[in-house]
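Geometric and topological summary
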Amino acid sequence: MPEPGWTASTLVIFGITGDLAGKMTLPALYQLERRGALDCAIIGVASAPLTTHELVERARRAIEKSGGPIDDAVFTRLSRRLTYLGGDATDPHLYESLATQLGGGRRRPLYYLATPPALFAPIVERLGAAGLLVDARVALEKPFGSDLATARELQSRLHQILEDRQLLLVDHFLGKEPVIEIEYLRFANFAMAELWHRDSVESVQITMAENHSVAGRGKFYDSVGAVRDVVQNHLLQVLALVAMDAPIGSSVAELRAKKLEVLKAIPAVDVRQCVRGQYDGYLAVPGVAADSDTETFVALRLEIDSWRWAGVPVLIRAGKHLPVNATEVRLVLRHTPRLRFLPDAARVEANQIVLRISPTPGLRLQLSGLGGNDSWRPVRLDTTFARDLGVPQAPYERLLHDALAGDDRLFAWQDAVEESWRILRPLVAYPPRAHEYRPGTWGPVEADALLPAGRDWQAPWLPDSN
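Scope of this entry: the structure provided in the associated data block.

**Points about helix α13 (residues 395-405)**
- For α13, the buried fraction is high: 9 of the 11 residues fall into the buried class.
- Looking at α13, one finds that the buried residues are P395, Y396, E397, R398, L399, L400, D402, A403 and L404.
- Summarising the contacts, the buried residues of α13 are in contact with β1 (10-14), α1 (19-34), β4 (109-113), β5 (137-141), β6 (167-170) and α7 (177-187).
- Directly after α13, the chain includes G406, whose backbone phi takes a positive value near 80°.

Structure representation (structure tokens):
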């Protein structure tokens, strides 16, 4: 079991030739090297018959493709850290070779499993059998199970070998700057803290919209759908941060306890308060089953049985082939009393607090003012985090650095994973039929019925919109 103050001396990446490594992991390691924040050897493991030189060339191409010029001196330093080990992840001989590469003086490894989930337990079991988990940590990419039963089964197999402190569950949303900022915006600002509860908030809307199809990922996406792909992990994690009470202290355990309280307070979803959709043309995507009922859109209504949030509906929607790319959290505040001195008071828009996660993370406070022609107009007070807080690290850059440094604050944990699956269990087990919707629209019109009477889904705040 890792000791307090643990830092990795070697990073072992299983799945080094995969899409995730090429798009995220290798570019993040380059940025860490550029900042002087990387201080370990890196062993890439995969089944492809490559040499270390070929891995270095693949790494260079991946980093170039991620955008921006490469500093040759930085890349040279990174390449000197890299070695490659090829072999079948289920073959015990691979782990004998890995033990040789790790050597006696490097036995403080971080194993990062960017592999299909079916390999998580087999890899960990073989690492344990080879004696390679002493003073080690293991980071797993999502998904963590496909439902509550499989999540518990995975936990059972992993915890026969690993202690809790050794396991890091990677959810890249938790490494996004605006998601990290939620707790500071809420609890370090009196104005926000005083509004952030049921007396002020009428409803919460969380939107994750993507304007592209699933082309090129049909086989993968057809096996998961929107609920498993983004709601169970990303969006429920965000909701926990939005709705939690202030932690007593700064420890990881205290933060996690408060987030877990929120998830435990959410009753299992009522499938009558869920709408699934599938965009027209999905069935023609290569890799998608001809009779697939997988949802490419989902909207659901949740409640939180807590003193802070009782009676406040939480509306979540996520989908592919929607009009825009945007992810945000929006708190719609209650109306003021309809005082007679206010002209046409019924037309005053509700105030709103909007946290934009992407694109261009920022915060908006929407008020109301009276224009020169005695008509109500929105007054929007906007800020972008990059302008006021500086350009943030990319999520994988931040998460890899924290994992190597032994800081697990920004990682998910098993109790929360199981609570998330519990909340969604009725929807996963008994999904209502998926309604068809046209690409470029906001999903099935049936989703509108989830909102409180007289309310609409709010169009996301985009960088170039009012």
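**Details of the packing of α1 against α13**
- It is at 8 Å that the axes of α1 and α13 come closest, and there the two elements cross at 70°. By the angle between their axes, α1 is roughly perpendicular relative to α13. Helix-helix and strand crossings are classified by hand; for α1 and α13 the assignment is right-handed. Taken together, the residues of α13 that come into contact with α1 (itself represented by L20, M24, T25, A28, L29, Q31 and L32) are Y396, E397, L400 and H401.
- Its residues placed into classes, the contact of α1 with α13 shows 7 nonpolar, 3 polar and 1 charged.

**Concerning the packing of helix α10 (residues 225-243) against helix α11 (residues 252-264)**
- Interhelical geometry of α10 versus α11 gives an angle of 110° and a closest axis separation of 8 Å. Taken together, the axis directions place α10 and α11 in an arrangement best described as roughly perpendicular. Here α10 contributes L236, Q237, L239, A240, L241 and A243 to the contact with α11, which in turn contributes K259, V262 and L263.
- Here the residues of the contact of α10 with α11 sort into 7 nonpolar, 1 polar and 1 charged.

**Topic: the sheet that holds strand β8 (residues 274-279)**
- The sheet built from 9 strands is open, its strands ordered β14-β13-β12-β11-β7-β10-β9-β8-β15 with mixed pairing. Each of the sheet's edge strands pairs with one partner strand only, and the pair in question is β14 (376-384) and β15 (434-437). Pairwise comparison of adjacent strand axes, ignoring direction, gives a mean angle of 20° for this sheet.
- Pairing of strand β11 (residues 326-333) with strand β12 (residues 352-358) involves 6 bridges; the strand directions are antiparallel. Looking at β12, one finds that T327 is bridged to S358.

**Comments concerning the packing of aromatic side chains**
- With the rule as written, the count across this model stands at 5 aromatic pairs.
- Relative to Y111, the ring of F14 lies with its centre 6.5 Å away and its plane at 50°, an arrangement referred to as tilted. Here F14 is found in strand β1, whereas its partner Y111 is found in strand β4, with 97 residues between them in sequence.
- Each ring, one from Y279 and one from Y282, has its centre 5.7 Å from the other, and the planes form 80°; the classification is edge-to-face. We note that Y279, like Y282, is buried.
- An aromatic cluster is built from Y279, Y282, F297 and Y437, whose rings are joined through pairwise contacts.
- Across the ring face of F75, the terminal group of R60 is positioned such that the distance to the ring centre comes to 5.1 Å.
- If you follow R198 out to its NZ or CZ, it ends over the ring of W307, 4.7 Å from the centre.

**Quick word on the sheet that holds β6**
- Read from one edge to the other, the open sheet built from 6 strands follows the order β3-β2-β1-β4-β5-β6, with strand pairing classed as parallel. The open sheet has two edge strands, β3 (82-86) and β6, and neither has a second partner. Across the sheet, the mean angle from the axis of one strand to that of its neighbour is 20°, orientation sign disregarded.
- Where strand β2 (residues 41-46) meets β3, 5 bridges bridge the pair, whose relative direction is parallel. Looking at β3, one finds that G44 is bridged to Y84.
- Set on the sheet, helix α3 (residues 72-81) makes contact with β2 and β3; between it and β3 the angle comes to about 40°.

Quick notes on the rules
- Within each chain, residue numbers correspond to sequence positions counted from 1 in written order.
- In keeping with the predicted nature of the model, local features appear solely for residues at pLDDT of at least 70, side-chain atom pairs appear and are counted solely at 80 or more, and the whole-chain, interface and lining totals rest on all residues.
- Hydrogens and waters are ignored; side-chain quantities use all the structure's heavy atoms.
- A 1.4 Å probe rolled over the protein chains alone gives each residue an accessible area, and that area as a share of the maximum for its type sets the label: buried under 20%, exposed over 50%, partly exposed in between.
- Here a strand is any run of E in DSSP of at least two residues, a helix any run of H or I of at least four, and the numbering for each starts at the N terminus.
- We call two residues contacting when some pair of their heavy atoms lies within 4.5 Å.
- Geometry is summarised by axes, namely lines fitted to C-alpha atoms with helices restricted to the contacting stretch, and by angles between N-to-C directions that run from 0 to 180 degrees.
- Roughly parallel here means an angle under 35 degrees, roughly antiparallel means over 145, roughly perpendicular means 65 to 115, and every remaining angle is called oblique.
- Note on convention: near helix rotated counterclockwise from far helix by under a right angle means a left-handed crossing. Clockwise means right-handed.
- Lys, Arg, Asp and Glu make up the charged group, whereas Ala, Val, Leu, Ile, Met, Phe, Trp, Tyr, Cys and Pro make up the nonpolar group; the residues left over, Gly among them, are polar.
- Here, any two strands with at least 2 DSSP bridges between them count as paired.
- Stacked, edge-to-face and tilted are the three classes for Phe, Tyr and Trp ring pairs, Trp counted by its six-membered ring, which pair at centre distances within 6.5 Å; planes under 30 degrees apart are stacked, over 60 edge-to-face, the rest tilted.
- Throughout this description, the term charge over a ring refers to an Arg CZ or Lys NZ atom that lies within 6 Å of the ring centre and within 35 degrees of the ring normal.

By themselves, these observations are geometric and do not establish any function.
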